[in-house]
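# Architecture and fold: a report
Letter by letter, the chains look like this.
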Amino acid sequence: MNNRNEFLMDTVTLVDPYVVQTLQTVIGNRILVDTLRGAIQGTLVDVKPDHIVLKEREDDQPVFVRIQQIVFVMPISE
C-alpha cells in the first residue's frame, strides 16, 4: 500500500434465511417478539433479510427490529 487512503475492507452480513422465511408466513398477523432488550408486540408489517417492521396500531409509527436481536417470536391469538 503506497497510498495511505487505500484500505481493504470486507463486509460480513449474517442472514438467517429460515427465520426470514418463517416470519414472511405471518406478515399481517399480530406477534410477540422477544428481543435482547425486552418484548415487543404488534402487527408484522414487513420482513427484510436483516430486520422486521412492527406496528402496534394502524396509525402508529413503525418499530424496526434487527433479526439478530430476536430471541423468539410467538403469534398472538385475538
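Below or above, wherever it landed, is the structure these notes cover. None of these values were measured; they are calculated from a predicted model. Position numbers for residues start from 1 in each chain and track the written sequence from start to end. Where local features are concerned, this predicted model is filtered to residues with pLDDT of at least 70; where side-chain atom pairs are given and counted, the filter is 80 or more; whole-chain, interface and lining totals use all residues. Based on all heavy atoms of the structure, the side-chain values leave hydrogens and waters out of the count.

### Section: the overall build of the protein chain
Comment: elements are numbered from the N terminus, with helices defined as DSSP H or I runs of at least four residues and strands as E runs of at least two. Secondary structure assignment for the protein chain yields one helix and five strands. Along the protein chain, helices (α) and strands (β) appear in the sequence α-β-β-β-β-β when read from the amino end. For a compact globule of 78 residues, the expected C-alpha radius of gyration is about 12 Å, and the protein chain comes in at 17 Å, more than 25% above that figure. With the C-alpha coordinates aligned to their principal axes, the bounding extent of the protein chain is approximately 65 × 25 × 20 Å. Looking at the protein chain residue by residue over its 78 residues, the buried ones come to 22%. Residue contacts are counted whenever heavy atoms from the two residues lie within 4.5 Å of one another. The contacts in the protein chain between residues at least 6 apart in sequence include a share of 36% that link residues at least 24 apart. For the protein chain, the exposed surface amounts to about 6,300 Å²; the carbon and sulfur share of it is 52%. Residues scored as charged are limited to Lys and Arg (positive) and Asp and Glu (negative), so that His and the chain ends carry no count. Charge coordinates come from a single atom per side chain, which is NZ of Lys, CZ of Arg, CG of Asp or CD of Glu. Positive and negative charge centroids in the protein chain, built from 7 and 11 side chains respectively, lie 5 Å apart. We compute the radius of gyration over the C-alpha atoms and compare it with the globule rule, which gives 2.2 Å times the number of residues raised to the power 0.38. Only protein chains enter the accessibility calculation, which uses a 1.4 Å probe. A residue is then buried if its area is under 20% of the maximum for its type, exposed if over 50%, and partly exposed in between. Calculation of accessible area relied on Shrake-Rupley with a 1.4 Å probe; when residues are assessed, cover is drawn exclusively from the protein chains displayed.

### Details of the side chain of T35
Structurally, the position occupied by T35 is in strand 1 (residues 30–35). A relative accessible area of 10% places T35 in the buried class. A 3.5 Å cut-off defines polar contacts: any pair of N or O atoms within that distance qualifies, except that in protein one atom must be a possible hydrogen donor and the other a possible acceptor, and neighbouring residues in sequence count only when both atoms are side-chain atoms. At 3.1 Å, the side chain of T35 and the backbone nitrogen of R37 are in polar contact. Among the polar contacts listed, one links the side chain of T35 to the backbone oxygen of G38, at a separation of 2.7 Å. Each residue touching T35, except ones within four places of it in the same chain, is listed here: I40, V65, Q69, I70 and V71.

### Focus on a nonpolar patch on the surface
Together, L36, V71, F72 and M74 make up an exposed nonpolar region whose accessible area comes to about 390 Å². Counting through the fold element by element, L36 comes out in the loop between strand 1 and strand 2 (38–47). Patch membership needs two things, relative accessible area over 30% and no salt bridge, and members are linked within 9 Å if like-charged or within 5 Å if nonpolar (Val, Leu, Ile, Met, Phe, Trp, Tyr). Should a side-chain nitrogen of Lys or Arg be within 4 Å of a carboxyl oxygen of Asp or Glu, the pair is scored as a salt bridge.

### Side note on the pattern of salt bridges
Under the defined criterion, the tally for this structure stands at three salt bridges. With a shortest N-O distance of 3.2 Å, D46 and K48 are connected by a salt bridge. Residue K48 is classed as partly exposed on the basis of its relative accessible area of 36%. The partner of R57 in a salt bridge is D60, and the shortest N-O contact between them spans 3.5 Å. Among the residues examined, R57 registers a relative accessible area of 52% and is labelled exposed.

### Quick word on the environment of E6
Of note, E6 is situated in the segment before helix 1 (17–24). Exposure remark for E6: the relative accessible area of 42% places this residue in the partly exposed category. For the pair E6 and A39, spaced 33 residues apart in the sequence, the C-alpha separation amounts to 43 Å.

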